[in-house]
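# Notes for the structure review
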Amino acid sequence: MKFAAILMFAAVAAAAEPKPFHITCGNLVYSMDEKTSVCFADYFLGETARVTNLNIEPNFLKLKLGDDELFTTPFCVFTGTGDFKLSEKERANLRAYLQRGGFIVASPGCSDKPWVAAFRREIEGTLPSTPMQTIPMTHPIFDMVHKVPQLHLEKKKGTTMLQGIVIDGRLALVFSPEGLNDTDHTKGCCCCGGNEVSESMLMNINLLVYALLY
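Since the structure is predicted, the reported quantities are computational estimates derived from the model, not experimental observations.

## Here's the deal with the pairing of strand E3 (residues 75-80)
Within E3, six of the six residues are buried, leaving the element largely enclosed by the surrounding structure. Side chains of E3 alternate between two faces, with Phe75, Val77 and Thr79 and Cys76, Phe78 and Gly80 buried alike. As paired strands, strand E1 (residues 25-29) and E3 are joined by three bridges and run parallel to one another. Note on E3: the bridge partner recorded for cysteine 25 is phenylalanine 75. Alignment of E3 against strand E4 (residues 103-108), held across six bridges, turns out to be parallel. The residue of E4 that forms the bridge with cysteine 76 is isoleucine 104. Viewed along the sheet, the connection from E3 through helix H3 (residues 88-99) into E4 turns out right-handed.

Rendered as structure tokens:
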């Protein structure tokens, strides 16, 4: 665990900010039909605050991908269901957000294949020279707070891997086609027809801490 670095970050952030320091995390709203997440659990936000002593808001802040408010948070989730198409402004903001140090977790609702296909198309159009790649299990994201040696599938036997985009040596986006939504900690969401990563909650904690430290 990297608690020394985490606590140092918290102390520096608190000292640098005269007002109470809060870390907010975004839930992206995007596309002409304003898609967004309804089944990505924010439970991990409170858990991250608890184990790190960081002052993290326990609920997502809905942020429009095409608005400048996007750049006020270091971490966002990008999820939904169904086909979609980003506007040029949304593509430009997405590109700038990742290049300026922002971090995104992308995950379909209930392993939705049309959303996965649309996401791959849009991210390739946004960052054509920066392809997604498989993230090795030796990457720091698997050992930031919780040690996660393997990613198991919730409803099918076997394991899976995460994919990501690296910009200037920093992992800036993590994508799971199976899903990191952690529906066990949501209301009215069962992911009944899809799959999910069993270690979703632990991984989301690790990813948020990684985003804050890197």
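## A look at the packing of H3 against helix H4 (residues 113-126)
How two helices pack is summed up by the angle between their axes together with the distance between the axes. Running from N to C, H3 and H4 point in directions that differ by 70°, and their axes come no closer than 9 Å. One way to sum up the angle between H3 and H4 is to call them roughly perpendicular. Residues Arg91, Leu94 and Arg95 of H3 pack against Arg121, Glu122, Ile123, Gly125 and Thr126 of H4.

## Side note on H3
The first and last C-alpha atoms of H3 sit 16 Å apart over twelve residues, in line with the 16 Å expected at 1.5 Å per residue. Three or more residues of H3 are buried, namely Glu90, Arg91, Asn93, Leu94, Ala96, Tyr97 and Leu98. Looking at the buried side of H3, the elements it contacts are E1, E3, E4, H4, strand E8 (163-167) and strand E9 (170-175). Positioned one or two residues after H3, glycine 101 has a phi angle of 110°, which is positive.

## Some points on the sheet that holds E4
By definition, the strands of a sheet pair up through backbone hydrogen bonds, in either a parallel or an antiparallel sense. Spatially, seven strands are ordered E2-E1-E3-E4-E9-E8-E5 in an open sheet, and the strand pairing comes out mixed. What marks the edges here is a single partner per strand, and that holds for strand E2 (61-64) and strand E5 (133-134).

## Here we look at the pattern of salt bridges
For the structure shown, the criterion picks out seven salt bridges. Note that aspartate 33 and lysine 35 form a salt bridge whose closest N and O atoms lie 3.6 Å from each other. On the basis of relative accessible area, lysine 35 is assigned to the buried category, the value being 15%. The closest approach of N and O atoms between glutamate 47 and arginine 50, which form a salt bridge, is 2.9 Å. One end of the pair is glutamate 47 and the other is arginine 50, both in helix H2 (residues 43-52) and three residues apart, which spans about a single turn. For arginine 50, a relative accessible area of 57% gives the class exposed.

Procedures and definitions
Residues numbered from 1 in each chain as written. Predicted model: local features only at pLDDT ≥ 70, side-chain atom pairs only at ≥ 80, totals over all residues. Heavy atoms only, no water. Buried < 20%, exposed > 50% of the residue type's maximum accessible area, 1.4 Å probe, protein only. Helix = DSSP H or I, 4+ residues; strand = E, 2+ residues; numbered from the N terminus. Pairing = 2+ DSSP bridges. Right-handed = clockwise from strand over helix to strand, strands pointing away. Axes fitted to C-alpha atoms, helices over the stretch in contact; angles between N-to-C directions. Parallel < 35°, antiparallel > 145°, perpendicular 65-115°, else oblique. Contact = heavy atoms within 4.5 Å. Expected span 1.5 Å × (residues − 1). Salt bridge = Lys/Arg side-chain N within 4 Å of Asp/Glu carboxyl O.

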